[in-house]
Amino acid sequence: MKIAAIQMRSGPDPKVNLAALEPLLAEAAAAGARYVLTPEVTMAFAENRAGLAEVAAPFDADPQLQRVGELAAQHGMYVHVGSLAVPVEDGRFANRSVLFGPDGATIATYDKIHLFDATIAGLNAYRESDTYRGGEIAVTAPVDEFILGMAICYDMRFPQLFHALAQAGAGLMAVPAAFTVPTGQAHWHVLLRARAIETGSYVIAAAQGGQHANGRETYGHSLIIDPWGRIVAELDHDAPGILVADIAADQVADARARIPALANTRPFAGPQALPL
Ligand SMILES: O=C(O)CNC(=O)[C@H](CS)NC(=O)CCC(=O)C(=O)O
């Protein structure tokens, strides 16, 4: 199965972002992709909560999202919108991933569980939970012969999520992202490779990249990693573009046969704080 990651440089306006996305989806379809992943905050990378409130639409009436569903059907491929902001009851948003099937139907949604509340030296303090409400449910979905495990950006730092997805059968992990540059330089490749190795799974990471209109700068470097932890494709820059690779379910089985860490997982008690 051919899969593709789309790298973007989204701004605050969903119409402009959709216009940037459409030709990249067409390019992925022309390359033979059966499954395509777009980055976190594909549709609106806003400056703040007020900026999002101006453009975010109810989930069932989002014109850009509906257009992506039509494009999935037109191209006959799975299109996974890495995330977009969806208004929720408490005035915040869900940072939500949406998977469309090749017939254009919505197959699955996933709300980002782990929110980026961190202060990084030299950057602003990020308080994602001011704007977004965290999800509470891990999600898998069928994509042809694969089971897809859904994660978003900062989720990649939480191996227990990927372990749970793999235990539920996922062999392809999706990580749409809008990573900061310094943490990307330090951690992006090693964390994503580790998630692939630990779970014997493919990892596809579709990134935002470059200098955005909202003042943020993101790391780019979209990646596809095989279940042995090898990087099989990378956009070695932060500009918009697409990345394509062939994946095969027998590679998942092979990696898990060589290192059966999933099967060898055992429950344990403790830790005991010694000496008692
Ligand atoms: O805020 C928005 O509109 C969109 N969301 C993001 O950009 C999110 C939350 S601020 N970014 C990350 O999770 C980066 C994580 C990261 O860089 C790391 O883990 O090192």
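Note that the coordinates shown come from a computational prediction; the quantities given were computed from them, not determined experimentally.

**Student:** Looking at this model, I keep getting lost on empty space enclosed by the protein. Mind explaining?
**Tutor:** Unfilled space is identified by rolling a water-sized probe across the atoms. According to the stated counting rule, one finds 2 cavities of 30 Å³ or more in the structure shown. Counted as a void, the largest cavity has a volume near 70 Å³. Along the walls of the largest cavity sit Pro14, Met43, Ala44, Leu52, Val55, Ala56, Ala57, Asp62, Gln64, Leu84 and Ala85, which together make up its complete lining. Elements that contribute at least two residues to the lining of the largest cavity include exactly α2 (49-55) and β3 (78-87). Within this model, the second largest cavity holds a volume of roughly 40 Å³. Looking at the second largest cavity, the residues that line it are Asp226, Pro227, Trp228, Arg230, Gln251, Asp254, Ala255 and Arg258. Its residues assigned to classes, the lining of the second largest cavity shows 3 nonpolar, 1 polar and 4 charged.

**Student:** Explain the pairing of strand β11 (residues 202-205) here, please?
**Tutor:** It is a general feature of regular strands that their side chains alternate between the two faces of the sheet. Where burial is concerned, the two faces of β11 agree: the one with Tyr202 and Ile204 and the one with Val203 and Ala205 are both buried. The pairing of strand β10 (residues 172-174) with β11 spans 3 bridges and is classified as parallel. Considered in β11, the bridge of leucine 172 is made with tyrosine 202. Regarding topology, helix α6 (residues 181-199) serves as the crossover connection from β10 to the parallel β11, and that connection is right-handed. Judged from the 3 bridges that link them, β11 and strand β14 (residues 223-225) form a sheet pairing that is antiparallel.

Thresholds, definitions, all that
- Residues numbered from 1 in each chain as written.
- Predicted model: local features only at pLDDT ≥ 70, side-chain atom pairs only at ≥ 80, totals over all residues.
- Heavy atoms only, no water.
- 1 Å grid on protein atoms, 1.4 Å probe; cavity = no way out; pocket = protein on both sides within 12 Å on 5 of 7 lines; lining within 4 Å.
- Points joined across faces, edges and corners; volume = space filled by probe spheres on them.
- Helix = DSSP H or I, 4+ residues; strand = E, 2+ residues; numbered from the N terminus.
- Nonpolar A, V, L, I, M, F, W, Y, C, P; charged D, E, K, R; others polar.
- Buried < 20%, exposed > 50% of the residue type's maximum accessible area, 1.4 Å probe, protein only.
- Pairing = 2+ DSSP bridges.
- Right-handed = clockwise from strand over helix to strand, strands pointing away.

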